[in-house]
Amino acid sequence: MDFETLEWRIQEGIGVIVFNRSHALNAFTNTMLKELRQVVEAAAKDDTVRVLVLTGNGRGFSAGQDLKEHLANNGALNIGEHLRQYYNPLMERLYHMEKPTVAAINGVAAGAGMSLALAADFRIASDTARFVQAFVRIGLVPDSGSTYLLPLLVGRARAMELAMLGDTIDAKTALAYGLVNRVVASDALMEEVMTFSRALARQAPKALGLIKRGIHRGPEHGFDEALAYEVFLQATAASTEDHAEGVRAFMEKRTPRFTGH
Ligand code: T3D
C-alpha cells in the first residue's frame, strides 16, 4: 500500500505507521485521516500484523487538525460533520482493534494528535515528547475521544486542568500522571518500542484481543457484570488452539508457539 501522507511497513509481525507531514508537525489533513483509516483497517484484518505501532517523522508526533485546512474547510463541512466523517471512524477502529496498539510518541502530541495517542493501548514517549490539549487554546473542546480517555488515564482533576488550561506537559510529567507507560531516550525510542512490540507479538493473539475487550469494559461494568463478562471472555480464550498449545508447552517445559488459532 502506498500513501501520500504516511509510511507503512510490516516488520517481524509488527505493523508500523509513520506520519509523514513533518513540515506541519504531522497535523492531520483530510487525506491523512482517510489514509490512516485505510491503513488501520488493513492492519486489523491482516493476520501477519500482530501489533500496530504509530509514530511520526520529524520533531512532532502530531499537532492535531491541520489548521490551514481547518480554515479552508470552514463553510464546506461543519465541524460536527467533519468529526463524524473523518475523526470518529478512525478513532473507533483504532480503539476497538482486537490487537495491541502502541503509540511511539517521538515529539509533540497536540489536540487530536494527543487524542490519537490516548486511543492506543500503550504510549511509549521519547524524553523530548510533549503533550497539549490544544483545543481550548483555539476556543474548542477536546474531541476524538479525549473527554473519555483523558480522565480514565489521569483522573478527573488533572484531566480538567489539562483540558481547561491547555498547558503543555513534558514526558516526565506525563509519566508521573500515568499518561504514558514509559519514557525513553529519544535516540532509543524505536528500538525500545520494537522490543516492547516483539514481546507482545509473541503472545497468543486471540487472548490479547479478548484481554483488550475485558479491560475496556471493566471500568464501565459493576463488579458482578465484570465477573460475568470474564466468563464469556475466558470460555472464548479456552476454546482456542493457542490455549491448548500454551498448556502443552508448560508441561513440556518449552516456549509456546502461538499461531493465532
Ligand atoms: O476541523 C475539525 O474537524 C476540528 C478538529 C479538531 C481537532 C484538533 O486537533 S483541534 C487542535 C488543533 N491543533 C492545534 O491547535 C495545535 C496547533 N499547534 C501548536 O499549538 C504548536 O504548533 C505546537 C504546540 C503543537 C508545537 O509548537 P512548536 O513551537 O514546537 O512548533 P511551531 O513553530 O508552532 O510549529 C512548527 C510548524 O508546524 C509551523 O509551521 P511553519 O511556520 O514552520 O511553516 C506551524 O505552523 C506548523 N503547525 C503546527 N501545528 C499545526 C501546524 N500547521 C497546521 N496545523 C497545525 N495544527
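Everything below is about the structure printed above this text.
By convention here, each chain's residues receive numbers from 1 onward along its written sequence. Side-chain atom pairs in this predicted model are given and counted only at pLDDT of 80 or more, local residue features only at pLDDT of at least 70, and totals for whole chains, interfaces and linings cover all residues. Note that the side-chain values use all heavy atoms of the structure and ignore hydrogens as well as water.

**Q** How would you sum up the overall build of the protein chain? Please name residues and give values.
**A** Note on conventions: DSSP H or I runs of at least 4 residues are helices, E runs of at least 2 residues are strands, and numbering of each starts at the N terminus. In terms of regular secondary structure, the protein chain is built from eleven helices and ten strands. Structurally, the protein chain occupies a C-alpha span of about 60 × 45 × 35 Å along its principal axes. Considering the protein chain as a whole, with its 261 residues, one finds that 47% of them fall into the buried category. In this analysis, two residues are considered to be in contact whenever any of their non-hydrogen atoms come within 4.5 Å of each other. By sequence separation, contacts in the protein chain at least 24 residues apart represent 68% of the contacts at least 6 residues apart. Looking at the protein chain as shown, the accessible area adds up to about 13,300 Å², and 55% of this sits on carbon and sulfur atoms. Charge-centre separation for the protein chain: the mean point of 28 positive side chains lies 1 Å from the mean point of 30 negative side chains. Each residue is assigned to one of three classes by its accessible area relative to the maximum for its type, calculated with a 1.4 Å probe on protein chains only: buried under 20%, partly exposed between the two thresholds, exposed over 50%. Every accessible area reported is derived by Shrake-Rupley at a probe size of 1.4 Å, with residue values counting cover from the shown protein chains alone. Counting rule applied: Lys, Arg positive; Asp, Glu negative; His and chain ends not counted. By convention, charge coordinates are those of NZ in Lys, CZ in Arg, CG in Asp, or CD in Glu.

**Q** Tell me about the layout of surface pockets, and please be specific about residues and values.
**A** The definitions used throughout rest on a 1 Å grid laid over the protein atoms alone, on which a cavity is an enclosed set of points accommodating a 1.4 Å probe that cannot get out and a pocket is an open set flanked by protein within 12 Å on both sides along at least five of seven lines; lining residues are those having an atom within 4 Å of a point. Grid points are joined across faces, edges and corners, and a volume is the space filled by probe spheres set on the points. Roughly 530 Å³ of volume is contained in the largest pocket. In terms of lining, the largest pocket is formed by 21 residues, of which the most central are A120, D121, K212, I215 and H216. Going through the elements one at a time, α4 (112–119), β7 (122–126), α5 (146–154) and α9 (205–217) are the ones with two or more residues in the lining of the largest pocket. Note that Gly is not counted as nonpolar here; it falls among the polar residues with everything else outside the nonpolar set of Ala, Val, Leu, Ile, Met, Phe, Trp, Tyr, Cys and Pro and the charged set of Asp, Glu, Lys and Arg. Looking at the lining of the largest pocket, its residues break down into 15 nonpolar, two polar and four charged.

**Q** Outline the sheet that holds strand β5 (residues 101–105), supporting the account with residue identities and numerical values.
**A** Should DSSP find at least two bridges between two strands, the strands are taken to pair. The six strands lie next to each other as β1-β2-β3-β5-β7-β10, forming an open sheet whose pairing is mixed. If you trace the sheet from one side to the other, it starts and ends with β1 (6–11) and β10 (182–184), each paired once. Here the strands of the sheet are splayed against their neighbours by 20° on average, with no regard to which way each runs. As defined by bridge partners, β7 adjoins β10 across three bridges and the pair is classed as parallel. If you follow S126 over to β10, its bridge partner there is V184. Relative to β5, helix α8 (residues 189–201) is tilted by about 170°, and along the sheet it contacts β1, β2 (14–19), β3 (51–56), β5, β7 and β10. Convention adopted: a line fitted to C-alpha atoms gives each axis, helices being fitted over their contacting stretch, and angles between N-to-C directions are expressed from 0 to 180 degrees.

**Q** Break down the site of the ligand for me, citing the residues and quoting the values.
**A** Within the structure, the ligand sits among 22 residues, and R59, L67, H70, H82 and A112 are positioned closest to it. Any pair of nitrogen or oxygen atoms within 3.5 Å is treated as a polar contact; in protein, a donor-acceptor pairing is required on top of that, and neighbouring residues in sequence qualify only through side-chain atoms on both sides. The separation between a nitrogen atom of the ligand and a polar main-chain atom of L67 is 2.9 Å. In the model, an oxygen atom of the ligand is placed 2.9 Å from a nitrogen or oxygen of the A112 main chain. Looking at the shell around the ligand, the elements with two or more residues in it are α2 (67–73), α3 (79–96) and β6 (108–110). A per-class count over the shell around the ligand returns eleven nonpolar, six polar and five charged. Nearness is defined per residue: one heavy atom within 4 Å of the molecule or strand is enough.

**Q** Pulling in residues and values, what's your account of the packing of α9 against helix α10 (residues 223–238)?
**A** The interhelical angle for the contact between α9 and α10, taken along N-to-C directions, is 175°, at an axis separation of 10 Å. Classified by the interaxial angle, the pair formed by α9 and α10 is roughly antiparallel. Every residue of α10 that contacts α9 at L210, R213, G214 and R217 is listed here: Y229, F232, L233, T236 and A237. Its residues assigned to classes, the contact of α9 with α10 comprises five nonpolar, two polar and two charged. Throughout, the term roughly parallel applies to angles under 35 degrees, roughly antiparallel to angles over 145, roughly perpendicular to angles from 65 to 115, and oblique to all others.

**Q** Could you give an account of α5, naming the residues involved and the relevant values?
**A** For α5, every residue scored as buried is listed here: S146, L149, L150 and V154. Each buried residue of α5 sits inside an arc of 100° when the element is viewed along its axis, so together they form one side. Taken together, the buried residues of α5 touch α3, α4, α6 (156–165) and α7 (171–177). After α5 finishes, the residue G155 shows a positive phi value of roughly 90°. Working note: the arc is built from the helix axis to C-beta atom directions.

**Q** Could you give me a rundown of the packing of helix α1 (residues 30–45) against α3, with the residues and numbers involved?
**A** As a packed pair, α1 and α3 sit with axes 9 Å apart at the nearest point and diverge in direction by 30°. Classified by the interaxial angle, the pair formed by α1 and α3 is roughly parallel. Crossing angle aside, the handedness with which α1 passes α3 is left-handed. Contact residues: N30, L33, K34, L36, R37, V40 and E41 in α1; H82, Q85, Y86, Y87, P89, L90, R93 and L94 in α3. Per-class residue counts for the contact of α1 with α3 are eight nonpolar, three polar and four charged. Handedness of a crossing follows from how the near helix is turned relative to the far one, being left-handed for an anticlockwise turn of less than a right angle and right-handed for a clockwise one.

**Q** Quick rundown of α6? Include the residues and the values.
**A** Because each turn of an α-helix spans 3.6 residues, side chains separated by three or four positions in sequence point in the same direction. Residues of α6 that are buried include every one of A159, L162 and A163, and no others. Seen from one end, α6 has its buried residues packed into an arc of 95°, which puts them on one side. Opposite the buried face of α6, at more than 90 degrees from it, the exposed residues are A157, M164 and L165. On its buried face, α6 sits against α5, β9 (168–170) and α7. A positive phi of about 65° marks G166, the residue just after α6.

**Q** Could you give an account of the environment of E241, naming the residues involved and the relevant values?
**A** When you line up the elements, E241 lands in helix α11 (residues 241–251). Residue classification places E241 among the exposed positions, given a relative accessible area of 55%. A sequence separation of 181 residues divides E241 from G60, and the C-alpha atoms of the two residues are 42 Å apart.

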